[in-house]
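Chains, contacts and geometry: an overview
Spelled out, the chains give:
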Amino acid sequence: MNYHFNDIEAKWQKYWAENKTFQAQNQSDKPKYYVLDMFPYPSGAGLHVGHPLGYIASDIYARYKRHKGFNVLHPQGYDSFGLPAEQYAIQTGQHPALTTETNIKTYRRQLDQIGFSFDWSREVRTSDPNYYKWTQWVFIQLFESWYNKDTNKAEAITKLISVFASEGNTNVNAACDDAIETFSAEDWNSYLTEQQEAILLKYRLTYLAETEVNWCPALGTVLANDEIVNGVSERGGHPVVRKKMTQWSMRISAYAERLLNGIDYNTDNLEWTESLKDIQRNWIGKSVGASVTFNVKMTSEMLKLVQHDETERHSELNSESNPYKIDVFTTRPDTIFGVSFMTLAPEHELVTKLTTETQKVEVEAYIKATAKRSERDRMADVKTISGVFTGAYAEHPFSKEPIPIWIGDYVLAGYGTGAVMSVPCGDQRDYDFAKHFNIAIPNIFDGVDISEEAFADKDKTVIVNSDFLNGLKYKKAVKTAIYELEKLGQGEGKTNYRLRDAVFSRQRYWGEPFPVYYVNGLPQMIDAKHLPITLPEVEKYLPTETGEPPLGNATVWAWDALKGELAKNKDIDNVNIHPLELNTMPGWAGSSQYFNRYMDPHNENEIFSKEAIDYWKQVDLYIGGSEHATGHLLYARFWQKFMFDMGLVPVDEFAKKLINQGMILGTSAFVYRMEGTNTFLSKSLIKNKDVQPIHADVSFVNASDELDIEAFKNWRTDFKNAEFITEEDGSFKVSREVEKMSKSKYNVVSPDNICAQYGADSLRLYEMFLGPLEQAKPWNTAGITGVHGFLKKLWKLYFGENGLTVTDAEPSKDNLKTLHKTIKKVEEDIENFSFNTSVSTFMIAVNELTAQKCTSKNILEPLLILLSPYAPHIAEELYSQLGHDKSISTAPFPEFDASHLVESSKNYPISFNGKMRFTLELPLDMSKEDIEAAVMAHDKTKEQLQGRQPKKVIVVPGKIVNIVG
RNA sequence: GCUCAAGUGGCGGAAUUGGUAGACGCGCUGGAUUCAAAAUCCAGUUCUUUCGAGAGUGUGGGUUCGAUUCCCACCUUGAGUACCA
């Protein structure tokens, strides 16, 4: 009987589906274990061999945990909202839901054929209204919450309202918009509802505000920072410009410190790799320093302006005590006496007010010029120093000396306060700016040469020329400076984060609609009992002619607040029937809580039941790509912390352990055509020839890099009559190069073909065998014959020509030794996610057992359980052939027994000066002295020493002997 | 620029606490089987070599009886981030 992998695999896939073998229960006597993959976006291209890598790894772990007696949850679903389906809809008119459905069918077929142990009864799709109902629900909860910095958690907005009503906002310590004016309880109670609503928006965890956003004209939508790569859109590489728009934002900045603390201190709940933690740390970008307030030296023109402003605001303060102030953030308050100018971002709101009559023309021209530059231009050109003097001066907080105020585009409006105190002796950019514009560069560092460049080494700093800071070192100087600034009321210690609030609106059709309608321009939440608010039908998926998002095309997209149902747009009366939000949510909305929904996916009354979340708690193992480090993985942590504050989840990190699988690269094949001809040269003939490299489809090339010339000729009409000059042996060789796997490089390999030709078990083994899980590595189909041959060899261990050969024979000592060293190694490897090395271990075991002619069931049955996580189909088949009528999937993992590995002797490596020269078999219970004597007496030792007397002999019993001299 | 990771045969990679470098597999070479091929099986395969042996894990140094492994400097590649004050 031969190994018919296609039949076997189909048989067991059917068995698992029919018997619901991998369906997880929400209660069990067994301990729980939750293994999760990042769910896929079902693209039209289907899977290539790179996609299942992480799924295979997580499947091995999930299956292993079942053997180890765990109640395993291993779900799968689809992140099915997204741009490609929408763009296809724009081109063809086909509803994105249909495209998505078709693509999901393909994905499901491809996933099923690989034999994953997913619990498909828990499948979620982000574009399913029954799912996105809960995405909308979380959004409402965020809207109804604010962040209390005193209790350090999110709290109900109703609580904030009652504080405002009883004591105003002076004692409220919230994560909120900057520049919120203080008000008393009387003020609050006298405000109109609209005024109150507008104020509350500045506190809510999701809020509507006019912000500078990244607008991508080509995609017709805004993008979050993590969706921009090198100044262009991640999808499609289109230019991005800064634009002010009213958009929903998520106040993730409120959680910046807790997101960092989770990385640095909550390591029990966040066993992520250091590199991934580094990426998030970097992205959050904490810097500790101080804010410093500089008073502007007022000119008579400015005073007029101030008085005008103040009268407008009905303020009783007089202008003398309220000049213009410039707040800056600095990480080096110790260098305050090194300030020789200030620089504002061109967009800074004070610029127009400060600029003097004489400088006006120059300043306005500069602002205009910088506004025109795109994000990318600005990034590409960081070398050019540009800026303009405003004509105004600020006053040094201590020396009271005048400090010229400049504007320059090296200062970013979006970071800190959009203004810096420039210390040219301690900051290279300030230094370059000062040199360029001939501004003074005072030195405040003791014994440091700053004639060529700035000096930024904190640790070696001793401050001079700095009044009360003279003679102090960095740390002390920082403390003292902050203390003195606080005394003056012109500064305080401050921490700044690079992390910005995340824009949450997208001008798209194929996304979650907001559960929001507008009354008098102010957003109102739809009551959760009316959810889901489902996507309306539209004629076209493009923006409207008036520039509104695609939902502006819908005719039934208004909200009847009285009846609590959708209404027609033409019936909008702004009394009972109001317009609905036209934006949709971004891609990461649906992926920020899906892992919890899997715990209780069919619950219609709650996002998940308390029992379910208390049972499963959090994901124990999460496997996915590191490209989500600053997107999904950060947003999901933020939502989880919010859900934790709400008391909805028991753990504030959603994924205990995270592993990033490396990318599988393609091995492209190149053929060479002589320039100007239709003649192709084999690889070794191209030296010194003028040739043009052309990608050949990798399916035309065999393991020895020989091209199937006929297949290549039939590929394209212009190759039809091509000439081929071969090697001497008649073969035509291609050259190989490792590149990213992509259609345009003709190096894409589909798992469908591999499964048909070698089987899913071979595919699974080979993907693991390629190399360490987390490492990027090239795919080369040729190598799969190795693992495929192994499976055939394994099969032969159980089946001969005349059927099953397994017996009840007592295992030999060697049999047991092979089995138990395999158990030990495989178990260690799985625990360490070192799957590549356990495949080698299996090969060694099968090679050894074959050589030993082992037929013993006591060896061959446990071997199947060891192998079952990796190659489940063949393991199930052989296990059933051994007489079992139940699936192997929960058979207990074999117990390692060290007694089978005990040796009585050791083959000692004998080294001379650390170099191994020969080995010597000696009993393990031999004493150090006897070992030394035996080695010294050996002929080869004498030969090595050639009469020399060794200086020293190192004997490590059980390990090595080293002779020095 | 800053942060992180990695450099081992023709190729993918192994060596888990400092102790026989190159496991396992691909490819290659030779052989068996076959009319032939595929498949299968056996042997060999880091480099140099005067066939005794010698060298060797990106480069240079250090610690050690002993270093792919630890330390220092440098080079290369990849990833993240980027006028972040």
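Since the structure is predicted, the reported quantities are computational estimates derived from the model, not experimental observations.

Moving on, we get to the packing of helix 9 (residues 256–264) against helix 19 (residues 632–645). Relative to each other, helix 9 and helix 19 sit at 105°, their axes nearing to 10 Å. Considered as vectors, helix 9 and helix 19 are oriented roughly perpendicular to each other. Here Arg258, Leu259, Gly262 and Ile263 of helix 9 lie close against helix 19, whose contacting residues are Leu634, Arg637, Phe638, Lys641, Phe644 and Asp645. Of the residues that constitute the contact of helix 9 with helix 19, the class distribution is five nonpolar, one polar and four charged.

Counted under the stated rule, the structure contains 71 aromatic pairs. Geometrically, the ring pair formed by Tyr33 and Phe70 is edge-to-face, given 5.9 Å between the ring centres and 75° between the ring planes. Taken together, the positions of Tyr33 in strand 1 (residues 32–37) and Phe70 in the loop between helix 2 (53–67) and strand 2 (71–73) put the pair 37 residues apart, joining distant regions of the chain. Sitting over the ring of Tyr207, Arg251 keeps its end group 4.0 Å from the ring centre.

What describes two packed helices is the angle between their axes and the distance between those same axes. One way to put it is that helix 9 packs onto helix 10 (residues 274–284) with a least axis distance of 10 Å and a crossing angle of 155°. Taken together, helix 9 and helix 10 sit at an angle that is classed as roughly antiparallel. Considering how the two elements wind past one another, helix 9 and helix 10 form a crossing that is left-handed. Counting all contacts with helix 9, which are made through Ala256, Leu259, Leu260, Ile263 and Asp264, the residues of helix 10 involved are Lys277, Gln280, Arg281 and Ile284. Class assignment of the residues belonging to the contact of helix 9 with helix 10 gives a composition of five nonpolar, one polar and three charged.

So, on to the pairing of strand 13 (residues 341–344). Here strand 13 shows no split at all, with Phe341 and Thr343 on one side and Met342 and Leu344 on the other all buried. Here four bridges tie strand 13 to strand 16 (residues 419–422), and the two strands are oriented antiparallel to one another. The residue bridging Phe341 from the neighbouring strand is Ser422, located in strand 16. Pairing geometry for strand 13 and strand 15 (residues 402–407), over three bridges, is parallel. Paired with Met342 across the bridge in strand 15 is Ile405.

Opposite charge on two side chains lets them pair, provided their charged atoms get close. In the structure shown here, the tally under the stated rule is 36 salt bridges. Put simply, Arg508 and Glu86 hold a salt bridge, and the shortest N to O gap is 3.2 Å. Of this pair, Arg508 sits in the loop between strand 18 (502–503) and strand 19 (516–519) while Glu86 sits in helix 3 (residues 83–92), and the two are 422 residues apart along the sequence. By relative accessible area, which is 13% here, Arg508 ends up buried. A relative accessible area of 0% means that Glu86 is categorised as buried.

RNA strand B sits among 57 residues. The nearest are Thr331, Tyr415, Arg429, Leu770 and Lys825. For RNA strand B, the fraction of atoms within 4 Å of the protein that belong to sugar or phosphate moieties is 64%. Asn836 places a polar side-chain atom, nitrogen or oxygen, 3.0 Å from a phosphate oxygen of RNA strand B. At six residues, the largest contribution of residues to the surface near RNA strand B is made by helix 25 (residues 835–851).

In this section: helix 9. All of the buried residues along helix 9 are Ala256, Arg258, Leu259, Leu260, Gly262 and Ile263. In this structure, the buried residues of helix 9 make contact with strand 3 (145–148), strand 4 (153–156), helix 10, strand 11 (286–296), strand 17 (491–497) and helix 19.

By way of backbone hydrogen bonds, the strands of a sheet pair with one another, either parallel or antiparallel. Taken together, the three strands give an open sheet; going across it, the order is 4-3-5, and neighbouring strands pair in antiparallel fashion. Every interior strand has two partners, whereas the edge strands, strand 4 and strand 5 (174–175), have only one. Direction of pairing for strand 3 relative to strand 5: antiparallel, over a ladder of two bridges. Bridge pairing in strand 5 places Tyr147 opposite Ala175.

Here the focus is the nonpolar core. Formed by 99 residues in total, the largest nonpolar core has its most connected members in Leu707, Tyr798 and Tyr870. Not counting chain neighbours up to four residues away, the residues in contact with Leu707 comprise Val671, Ala696, Phe700, Val701, Phe712, Phe724, Phe732 and Val734. Counting residues in hydrophobic clusters, the runner-up holds 94 residues, among them Ile140, Phe143, Ala254 and Tyr517.

Moving on: the environment of Lys821. Along the polypeptide, Lys821 turns up in helix 24 (residues 813–831). Separated by 75 residues in the primary sequence, Lys821 and Phe896 have C-alpha atoms spaced 8.0 Å apart. Discounting chain neighbours no more than four positions away, the residues touching Lys821 are Glu848 and Leu901.

Before going further, it helps to examine the side chain of Arg122. Relative to the helices and strands, Arg122 is located in the loop between helix 4 (96–112) and helix 5 (129–143). Engagement of the side chain of Arg122 in a polar contact is seen with the backbone oxygen of Ala24, the distance being 2.9 Å. Once you skip the residues sitting within four places of it in the chain, Arg122 turns out to touch Ala24, Gln25, Asn26, Leu73, Pro75, Tyr598, Met599, Asp600, Pro601, His602 and Trp616.

Model confidence for chain A is summarised by a mean pLDDT of 90, while 98% of its residues fall at 70 or above. Among the scores for the predicted complex, ipTM is 0.95 and pTM is 0.93.

Residues spaced three or four apart along an α-helix point in a common direction, a consequence of the helix completing one turn every 3.6 residues. Here helix 5 spans 20 Å end to end across 15 residues, near enough to the 21 Å set by a 1.5 Å rise per residue. Taking burial as the measure, the 15 residues of helix 5 include 13 buried ones, the bulk of the element. Taking the backbone nitrogen of Asn130 as reference, a side-chain oxygen 2.9 Å away marks Asp128 as the first, capping residue of helix 5.

A contiguous nonpolar patch, built from Ile954, Val956 and Ile960 and spanning about 190 Å² of accessible area, is present on the exposed surface. The topology assignment puts Ile954 in strand 36 (residues 952–956). Assessed through its relative accessible area of 34%, Ile954 is described here as partly exposed.

Let us now look at the side chain of Ser609. In this structure, Ser609 sits in the loop between helix 17 (594–597) and helix 18 (610–616). According to the relative accessible area criterion, Ser609 is buried, its value standing at 9%. One polar contact links the side chain of Ser609 to the main-chain amide nitrogen of Ala612, over a distance of 3.0 Å. With residues up to four places along the chain from it excluded, the contact list for Ser609 reads Asp600 and Asn603.

To continue, consider the sheet that holds strand 1. Taken together, the four strands give an open sheet; going across it, the order is 2-1-24-25, and neighbouring strands pair in parallel fashion. Because the sheet does not close on itself, it has two edges, and the strands there are strand 2 and strand 25 (655–660). Direction aside, the axes of adjacent strands within the sheet are offset by 20° on average. The strands touched by helix 2 within the sheet are strand 1, strand 2 and strand 24 (619–624), with strand 1 carrying the most contacts at an inclination of about 170°.

Take the environment of Thr206 next. Structurally, the position occupied by Thr206 is in strand 6 (residues 206–216). On the accessibility criterion, Thr206 (0% relative accessible area) is buried. When the C-alpha positions of Thr206 and Gln141 are compared, they lie 9.1 Å apart, and in sequence the two are 65 residues distant. Among all residues touching Thr206, those that are not within four sequence positions of it are Phe139, Leu142, Phe143, Trp248, Ser249 and Met250. Of note is the side chain of Thr206, whose polar atom sits 3.0 Å from the backbone oxygen of Ser249.

In this chain, Leu531 is followed by Pro532 through a cis amide linkage whose omega measures 0°. Counting through the fold element by element, Pro532 comes out in the loop between strand 20 (522–525) and strand 21 (558–560). One non-glycine residue with positive phi stands out, namely Asn574, at about 60°. Tracing the backbone shows Asn574 in the loop between strand 22 (565–567) and strand 23 (577–579). Relative accessible area serves as the criterion here: at 48%, Asn574 is assigned to the partly exposed category.

Right, let's talk about the pairing of strand 1 for a bit. For strand 1, a buried count of six out of six residues is recorded, marking the element as mostly surrounded by other parts of the structure. Burial of strand 1 is two-sided: the residues Lys32, Tyr34 and Leu36 facing one way and the residues Tyr33, Val35 and Asp37 facing the other way are all buried. Here strand 1 pairs with strand 2 via three bridges, running parallel. Within the sheet, the bridge partner assigned to Tyr33 lies in strand 2 and is Val72. Viewed along the sheet, the connection from strand 1 through helix 2 into strand 2 turns out right-handed. Pairing geometry for strand 1 and strand 24, over three bridges, is parallel. The partner of Asp37 across the bridge, within strand 24, is Ile623.

Definitions and limits used
Residues numbered from 1 in each chain as written. Chains lettered and ligands numbered in written order. Predicted model: local features only at pLDDT ≥ 70, side-chain atom pairs only at ≥ 80, totals over all residues. Heavy atoms only, no water. Axes fitted to C-alpha atoms, helices over the stretch in contact; angles between N-to-C directions. Helix = DSSP H or I, 4+ residues; strand = E, 2+ residues; numbered from the N terminus. Parallel < 35°, antiparallel > 145°, perpendicular 65-115°, else oblique. Contact = heavy atoms within 4.5 Å. Nonpolar A, V, L, I, M, F, W, Y, C, P; charged D, E, K, R; others polar. Phe/Tyr/Trp six-rings, centres within 6.5 Å; stacked < 30°, edge-to-face > 60°. Lys NZ or Arg CZ within 6 Å of the ring centre and 35° of its normal. Left-handed = near helix turned anticlockwise from the far one by under 90°. Buried < 20%, exposed > 50% of the residue type's maximum accessible area, 1.4 Å probe, protein only. Pairing = 2+ DSSP bridges. Salt bridge = Lys/Arg side-chain N within 4 Å of Asp/Glu carboxyl O. Near = heavy atom within 4 Å. Polar contact = N/O pair within 3.5 Å; in protein donor to acceptor, adjacent residues only side chain to side chain. Core = buried A, V, L, I, M, F, W, Y, C linked by side-chain atoms within 4.5 Å. pLDDT = per-residue confidence, 0-100. Expected span 1.5 Å × (residues − 1). Patch = residues over 30% accessible without salt bridge, like charges linked within 9 Å, V, L, I, M, F, W, Y side chains within 5 Å. Areas by Shrake-Rupley, 256 points an atom, 1.4 Å probe, with all protein chains shown as cover. Right-handed = clockwise from strand over helix to strand, strands pointing away.

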